[in-house]
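One letter stands for each residue in the lines below.
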Amino acid sequence: MTLQQEIVGNAMQMAVVNLHPGQTVYCEAGKFLFKTTNVTMETRLSGPSGGGGQQQGGSGGGMGGLLRQAMGTAMQVGQRMLAGESLAFQYFTAQGGQGTVGFAGVLPGEMRALELDGSRAWFAEKDAFVAAESTVEFGIAFAGGRTGMSGGEGFVLEKFTGYGTVIIAGAGNFIDLNPADFGGRIEVDTGCVVAFEEGIQYGVQRVGGLNRQGLMNAVFGGEGLSLATLEGNGRVILQSLTIESLANALKKAQGGDKQGPTGGLFSTHAG
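Residues numbered from 1 in each chain as written. Predicted model: local features only at pLDDT ≥ 70, side-chain atom pairs only at ≥ 80, totals over all residues. Heavy atoms only, no water.

Draft legend 1. View of unusual backbone geometry. One non-glycine residue with positive phi stands out, namely aspartate 127, at about 70 degrees. Along the chain, the position of aspartate 127 falls in the loop between β9 (122-124) and β10 (129-133). Since its relative accessible area comes to 38%, aspartate 127 is described here as partly exposed. (Helix = DSSP H or I, 4+ residues; strand = E, 2+ residues; numbered from the N terminus. Buried < 20%, exposed > 50% of the residue type's maximum accessible area, 1.4 Å probe, protein only.)

This is the structure:
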(Lines give C-alpha, C1' and ligand atoms only; values in the text may rest on other atoms or scores of the structure.)
Protein backbone atom coordinates (compact mmCIF):
# COMPACT_ATOMS: atom_id res chain seq x y z
CA MET A 1 0.00 0.00 0.00
CA THR A 2 1.56 3.29 -1.12
CA LEU A 3 2.17 5.83 1.60
CA GLN A 4 0.06 8.93 0.98
CA GLN A 5 2.21 11.92 1.90
CA GLU A 6 2.60 15.57 1.03
CA ILE A 7 5.67 17.72 1.62
CA VAL A 8 4.67 21.28 2.52
CA GLY A 9 6.49 24.49 3.39
CA ASN A 10 9.48 26.33 1.97
CA ALA A 11 12.46 27.19 4.16
CA MET A 12 11.63 24.51 6.74
CA GLN A 13 9.57 21.78 5.12
CA MET A 14 7.26 19.26 6.77
CA ALA A 15 5.88 15.91 5.65
CA VAL A 16 2.17 15.32 6.27
CA VAL A 17 1.37 11.60 6.05
CA ASN A 18 -2.16 10.18 5.68
CA LEU A 19 -2.44 6.62 7.01
CA HIS A 20 -5.03 4.03 6.02
CA PRO A 21 -6.58 1.98 8.84
CA GLY A 22 -3.92 -0.37 10.19
CA GLN A 23 -1.10 1.24 8.20
CA THR A 24 2.11 2.00 10.13
CA VAL A 25 4.84 4.58 9.61
CA TYR A 26 7.92 5.00 11.79
CA CYS A 27 10.33 7.86 12.38
CA GLU A 28 13.56 8.60 14.18
CA ALA A 29 12.91 9.91 17.68
CA GLY A 30 12.66 13.70 17.60
CA LYS A 31 11.25 14.02 14.07
CA PHE A 32 7.54 13.79 15.07
CA LEU A 33 5.40 16.95 14.92
CA PHE A 34 1.70 16.10 15.33
CA LYS A 35 -0.91 13.37 14.88
CA THR A 36 -4.65 12.86 14.95
CA THR A 37 -6.12 11.22 18.05
CA ASN A 38 -6.89 7.90 16.33
CA VAL A 39 -3.18 7.34 15.55
CA THR A 40 -1.38 5.33 18.20
CA MET A 41 2.27 6.06 19.05
CA GLU A 42 4.73 3.46 20.31
CA THR A 43 8.47 3.84 20.98
CA ARG A 44 10.72 0.84 20.32
CA LEU A 45 14.43 0.15 20.25
CA SER A 46 14.18 -2.15 17.22
CA GLY A 47 13.74 -1.32 13.57
CA PRO A 48 10.64 -2.52 11.67
CA SER A 49 12.24 -5.87 10.79
CA GLY A 50 13.80 -6.41 14.22
CA GLY A 51 12.27 -8.52 16.93
CA GLY A 52 12.85 -6.22 19.88
CA GLY A 53 9.89 -3.98 19.35
CA GLN A 54 7.07 -6.43 18.68
CA GLN A 55 6.57 -9.68 20.47
CA GLN A 56 6.76 -12.24 17.71
CA GLY A 57 4.76 -14.96 19.41
CA GLY A 58 6.03 -15.63 22.89
CA SER A 59 5.77 -19.41 22.44
CA GLY A 60 8.04 -19.58 19.42
CA GLY A 61 11.62 -20.41 20.32
CA GLY A 62 11.29 -20.20 24.12
CA MET A 63 14.19 -18.65 25.99
CA GLY A 64 16.47 -19.18 22.99
CA GLY A 65 14.15 -17.19 20.77
CA LEU A 66 13.92 -14.39 23.31
CA LEU A 67 17.71 -14.31 23.63
CA ARG A 68 18.20 -14.11 19.86
CA GLN A 69 15.57 -11.39 19.73
CA ALA A 70 17.32 -9.40 22.47
CA MET A 71 20.74 -9.81 20.82
CA GLY A 72 19.35 -8.66 17.48
CA THR A 73 17.89 -5.55 19.07
CA ALA A 74 21.16 -4.87 20.92
CA MET A 75 23.11 -5.07 17.67
CA GLN A 76 20.74 -2.62 15.98
CA VAL A 77 21.00 -0.20 18.89
CA GLY A 78 24.79 -0.55 18.97
CA GLN A 79 25.05 0.26 15.26
CA ARG A 80 22.89 3.34 15.67
CA MET A 81 24.92 4.49 18.69
CA LEU A 82 28.12 4.15 16.64
CA ALA A 83 26.51 6.12 13.82
CA GLY A 84 25.35 8.87 16.18
CA GLU A 85 21.70 8.12 15.41
CA SER A 86 18.71 8.08 17.74
CA LEU A 87 18.56 4.94 19.87
CA ALA A 88 14.83 4.44 19.37
CA PHE A 89 12.16 4.66 16.69
CA GLN A 90 8.61 5.91 17.10
CA TYR A 91 5.85 3.93 15.36
CA PHE A 92 2.49 5.41 14.36
CA THR A 93 -0.52 3.28 13.38
CA ALA A 94 -3.99 4.46 12.33
CA GLN A 95 -6.82 2.77 14.26
CA GLY A 96 -10.52 2.70 13.31
CA GLY A 97 -10.16 4.93 10.26
CA GLN A 98 -7.73 7.11 8.38
CA GLY A 99 -5.22 9.11 10.41
CA THR A 100 -2.69 11.89 9.86
CA VAL A 101 0.86 12.32 11.18
CA GLY A 102 3.31 15.19 10.63
CA PHE A 103 7.12 14.97 10.59
CA ALA A 104 10.01 17.40 10.06
CA GLY A 105 13.79 17.48 9.89
CA VAL A 106 16.06 19.37 12.27
CA LEU A 107 17.60 21.96 9.91
CA PRO A 108 16.21 24.62 7.56
CA GLY A 109 15.98 22.90 4.21
CA GLU A 110 14.14 20.52 1.92
CA MET A 111 12.60 17.09 2.29
CA ARG A 112 12.26 14.36 -0.30
CA ALA A 113 10.14 11.21 -0.54
CA LEU A 114 11.98 8.26 -2.11
CA GLU A 115 10.11 5.26 -3.48
CA LEU A 116 11.77 1.87 -3.03
CA ASP A 117 10.69 -1.03 -5.25
CA GLY A 118 13.01 -3.68 -3.81
CA SER A 119 15.50 -3.55 -6.68
CA ARG A 120 17.84 -0.85 -5.34
CA ALA A 121 18.77 0.37 -1.90
CA TRP A 122 19.28 4.02 -1.04
CA PHE A 123 22.11 5.44 1.07
CA ALA A 124 21.90 8.74 2.94
CA GLU A 125 24.04 10.89 5.19
CA LYS A 126 23.69 10.69 8.96
CA ASP A 127 20.53 12.33 10.33
CA ALA A 128 18.88 12.49 6.88
CA PHE A 129 16.22 9.92 7.80
CA VAL A 130 12.86 11.35 8.86
CA ALA A 131 10.19 8.67 8.44
CA ALA A 132 9.29 5.57 6.43
CA GLU A 133 6.66 2.92 5.93
CA SER A 134 7.04 -0.17 8.09
CA THR A 135 7.89 -2.12 4.91
CA VAL A 136 11.14 -0.12 4.56
CA GLU A 137 14.11 -1.44 6.53
CA PHE A 138 16.53 1.00 8.13
CA GLY A 139 20.18 -0.03 8.47
CA ILE A 140 23.68 1.36 8.88
CA ALA A 141 26.35 1.05 6.18
CA PHE A 142 30.05 1.75 6.58
CA ALA A 143 31.91 3.28 3.65
CA GLY A 144 35.24 1.89 4.90
CA GLY A 145 37.91 3.19 7.24
CA ARG A 146 40.08 4.99 4.71
CA THR A 147 37.15 6.66 2.96
CA GLY A 148 35.42 7.49 6.21
CA MET A 149 38.34 9.13 7.97
CA SER A 150 38.94 11.31 4.94
CA GLY A 151 35.33 12.04 4.13
CA GLY A 152 33.75 12.92 7.45
CA GLU A 153 30.07 12.23 6.79
CA GLY A 154 30.97 9.40 4.45
CA PHE A 155 32.19 6.97 7.12
CA VAL A 156 28.72 6.05 8.37
CA LEU A 157 25.72 6.06 6.06
CA GLU A 158 22.06 5.27 6.56
CA LYS A 159 20.80 2.45 4.32
CA PHE A 160 17.20 1.89 3.24
CA THR A 161 16.01 -1.36 1.66
CA GLY A 162 12.71 -3.07 1.00
CA TYR A 163 9.53 -1.64 -0.49
CA GLY A 164 7.67 1.60 0.08
CA THR A 165 8.27 5.25 0.85
CA VAL A 166 11.10 6.74 2.88
CA ILE A 167 11.27 10.47 3.65
CA ILE A 168 14.63 12.20 4.05
CA ALA A 169 15.64 15.78 4.88
CA GLY A 170 18.67 17.98 4.32
CA ALA A 171 19.89 21.55 4.65
CA GLY A 172 19.29 24.33 2.13
CA ASN A 173 18.02 23.41 -1.34
CA PHE A 174 18.32 20.06 -3.11
CA ILE A 175 19.62 19.32 -6.57
CA ASP A 176 19.25 15.94 -8.31
CA LEU A 177 22.12 14.78 -10.50
CA ASN A 178 23.21 11.65 -12.32
CA PRO A 179 27.00 11.25 -12.67
CA ALA A 180 26.37 9.48 -15.99
CA ASP A 181 25.23 12.83 -17.41
CA PHE A 182 28.61 14.36 -16.53
CA GLY A 183 31.03 11.81 -17.88
CA GLY A 184 30.29 9.24 -15.20
CA ARG A 185 31.87 11.03 -12.25
CA ILE A 186 31.31 14.14 -10.15
CA GLU A 187 33.34 15.63 -7.29
CA VAL A 188 31.45 17.17 -4.37
CA ASP A 189 32.10 18.88 -1.06
CA THR A 190 31.89 16.02 1.45
CA GLY A 191 29.18 17.80 3.45
CA CYS A 192 26.89 18.33 0.46
CA VAL A 193 25.98 14.68 -0.20
CA VAL A 194 22.45 13.91 1.02
CA ALA A 195 21.61 10.57 -0.60
CA PHE A 196 22.36 8.30 -3.56
CA GLU A 197 21.08 5.09 -5.11
CA GLU A 198 22.74 1.72 -4.81
CA GLY A 199 25.10 1.31 -7.77
CA ILE A 200 26.71 4.70 -7.25
CA GLN A 201 30.28 4.32 -6.04
CA TYR A 202 31.15 6.70 -3.21
CA GLY A 203 34.75 7.64 -2.53
CA VAL A 204 37.00 10.41 -1.25
CA GLN A 205 39.98 11.95 -3.00
CA ARG A 206 42.60 14.48 -2.01
CA VAL A 207 42.15 18.04 -3.27
CA GLY A 208 45.14 18.42 -5.58
CA GLY A 209 48.61 17.03 -5.01
CA LEU A 210 51.08 17.73 -2.25
CA ASN A 211 52.40 20.75 -4.10
CA ARG A 212 51.99 24.51 -3.85
CA GLN A 213 48.60 24.63 -5.57
CA GLY A 214 47.32 21.63 -3.63
CA LEU A 215 48.24 23.29 -0.36
CA MET A 216 46.64 26.55 -1.51
CA ASN A 217 43.41 24.66 -2.24
CA ALA A 218 43.46 22.97 1.16
CA VAL A 219 44.39 26.02 3.23
CA PHE A 220 42.53 28.85 1.48
CA GLY A 221 39.90 27.08 -0.64
CA GLY A 222 37.53 26.24 2.19
CA GLU A 223 37.27 22.55 1.24
CA GLY A 224 39.98 21.10 3.45
CA LEU A 225 42.04 18.24 2.06
CA SER A 226 39.34 16.06 0.52
CA LEU A 227 36.40 15.94 -1.89
CA ALA A 228 33.75 13.25 -2.19
CA THR A 229 33.56 11.41 -5.52
CA LEU A 230 30.37 9.85 -6.91
CA GLU A 231 30.61 7.53 -9.91
CA GLY A 232 28.17 5.47 -11.92
CA ASN A 233 24.65 5.68 -13.30
CA GLY A 234 21.95 6.56 -10.78
CA ARG A 235 20.30 9.32 -8.79
CA VAL A 236 22.32 11.53 -6.47
CA ILE A 237 20.79 14.19 -4.20
CA LEU A 238 22.99 17.07 -3.05
CA GLN A 239 22.26 19.90 -0.60
CA SER A 240 23.30 23.53 -0.96
CA LEU A 241 24.08 24.05 2.72
CA THR A 242 26.43 22.06 4.94
CA ILE A 243 25.99 21.72 8.69
CA GLU A 244 29.50 23.01 9.30
CA SER A 245 28.97 26.15 7.20
CA LEU A 246 25.68 26.84 8.98
CA ALA A 247 27.31 26.40 12.38
CA ASN A 248 30.21 28.68 11.41
CA ALA A 249 27.80 31.34 10.11
CA LEU A 250 25.90 31.28 13.41
CA LYS A 251 29.14 31.50 15.40
CA LYS A 252 30.30 34.42 13.29
CA ALA A 253 26.99 36.22 13.81
CA GLN A 254 27.49 35.78 17.56
CA GLY A 255 30.94 37.34 17.37
CA GLY A 256 33.01 34.16 17.26
CA ASP A 257 34.23 33.31 13.75
CA LYS A 258 35.23 29.66 14.03
CA GLN A 259 36.45 29.45 10.47
CA GLY A 260 38.92 32.29 10.53
CA PRO A 261 40.39 34.11 7.55
CA THR A 262 41.83 31.06 5.86
CA GLY A 263 39.08 28.42 6.11
CA GLY A 264 39.92 25.04 4.63
CA LEU A 265 42.61 23.17 6.54
CA PHE A 266 42.76 25.72 9.35
CA SER A 267 39.01 25.92 9.94
CA THR A 268 37.67 24.46 13.18
CA HIS A 269 34.43 22.61 13.66
CA ALA A 270 31.86 24.53 15.60
CA GLY A 271 30.56 23.00 18.81
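Draft legend 2. The arrangement of the environment of glycine 172 in detail. Inspection of the secondary structure puts glycine 172 in the loop between β12 (156-169) and β13 (174-177). Residue glycine 172 is classed as buried on the basis of its relative accessible area of 19%. It is 8.3 Å that separates the C-alpha atoms of glycine 172 and leucine 107, two residues lying 65 residues apart in sequence. Setting aside residues up to four positions removed in sequence, glycine 172 forms contacts with Pro108, Gly109, Glu110, Ser240 and Leu241. (Contact = heavy atoms within 4.5 Å.)

Draft legend 3. Representation of the environment of alanine 128 within the structure. Of note, alanine 128 is situated in the loop between β9 and β10. Here the alpha-carbon distance between alanine 128 and isoleucine 167, two residues 39 residues apart in the chain, equals 8.5 Å. The contact partners of alanine 128, leaving out residues within four places of it in the chain, are Glu158, Ile167, Ile168, Ala169 and Val194.

Draft legend 4. Expanded view of the nonpolar core. The biggest cluster of nonpolar side chains holds 21 residues, and the ones touching the most others in it are Tyr26, Phe129, Phe160, Val166 and Ile168. Within the residue set of this core, elements represented by two or more residues are β6 (89-94), β8 (111-117), β9, β10, β11 (136-142), β12 and β15 (193-197). Ranked by residues supplied to this core, first place goes to β12 with four residues. (Core = buried A, V, L, I, M, F, W, Y, C linked by side-chain atoms within 4.5 Å.)

Draft legend 5. Focus on the sheet that holds strand β17 (residues 226-231). Across the sheet, which stays open at both edges, the three strands sit in the order β14-β17-β16 with antiparallel pairing between neighbours. Looking at which strands have only one partner, the edges of the open sheet turn out to be β14 (185-188) and β16 (201-206). Each strand of the sheet is rotated relative to its neighbour by a mean of 30 degrees, with strand direction disregarded. Summarising the sheet, β16 and β17 pair through six bridges and their orientation is antiparallel. Each residue of the ladder has a partner; that of arginine 206, found in β17, is serine 226. (Pairing = 2+ DSSP bridges. Axes fitted to C-alpha atoms, helices over the stretch in contact; angles between N-to-C directions.)

Draft legend 6. Local environment of a nonpolar patch on the surface. A cluster of nonpolar side chains, contributed by Met14, Leu33 and Phe34, occupies part of the molecular surface with about 240 Å² of accessible area. Structurally, methionine 14 can be placed in strand β2 (residues 14-19). Given the relative accessible area of 32%, methionine 14 is considered partly exposed. (Patch = residues over 30% accessible without salt bridge, like charges linked within 9 Å, V, L, I, M, F, W, Y side chains within 5 Å. Areas by Shrake-Rupley, 256 points an atom, 1.4 Å probe, with all protein chains shown as cover. Salt bridge = Lys/Arg side-chain N within 4 Å of Asp/Glu carboxyl O.)

Draft legend 7. Structural view of the packing of aromatic side chains. Using the criterion set out here, one finds 12 aromatic pairs in the structure. Their ring planes at 0 degrees and their centres at 5.9 Å tell us that phenylalanine 196 and tyrosine 202 sit as a pair that is stacked. Taking the relative accessible area as the measure of exposure, phenylalanine 196 reaches 3% and is therefore buried. Ring pairs connect the aromatic residues Tyr26, Phe89, Tyr91, Phe129, Phe138 and Phe160, which therefore count as one cluster. Over the aromatic face of tyrosine 91 sits the side chain of arginine 44, whose NZ or CZ is 3.8 Å from the ring centroid. (Phe/Tyr/Trp six-rings, centres within 6.5 Å; stacked < 30°, edge-to-face > 60°. Lys NZ or Arg CZ within 6 Å of the ring centre and 35° of its normal.)

Draft legend 8. Representation of the pattern of salt bridges. Scanning the model with the defined rule gives eight salt bridges in all. For arginine 112, the salt bridge is made with aspartate 176, and the minimal N-O distance between the two is 2.7 Å. Remark: aspartate 176 occurs in strand β13 and arginine 112 occurs in strand β8; sequence separation between them is 64 residues. Taking relative accessible area as the criterion, arginine 112 reaches 17% and is therefore assigned buried.

Shape descriptors only; they carry no functional weight alone.
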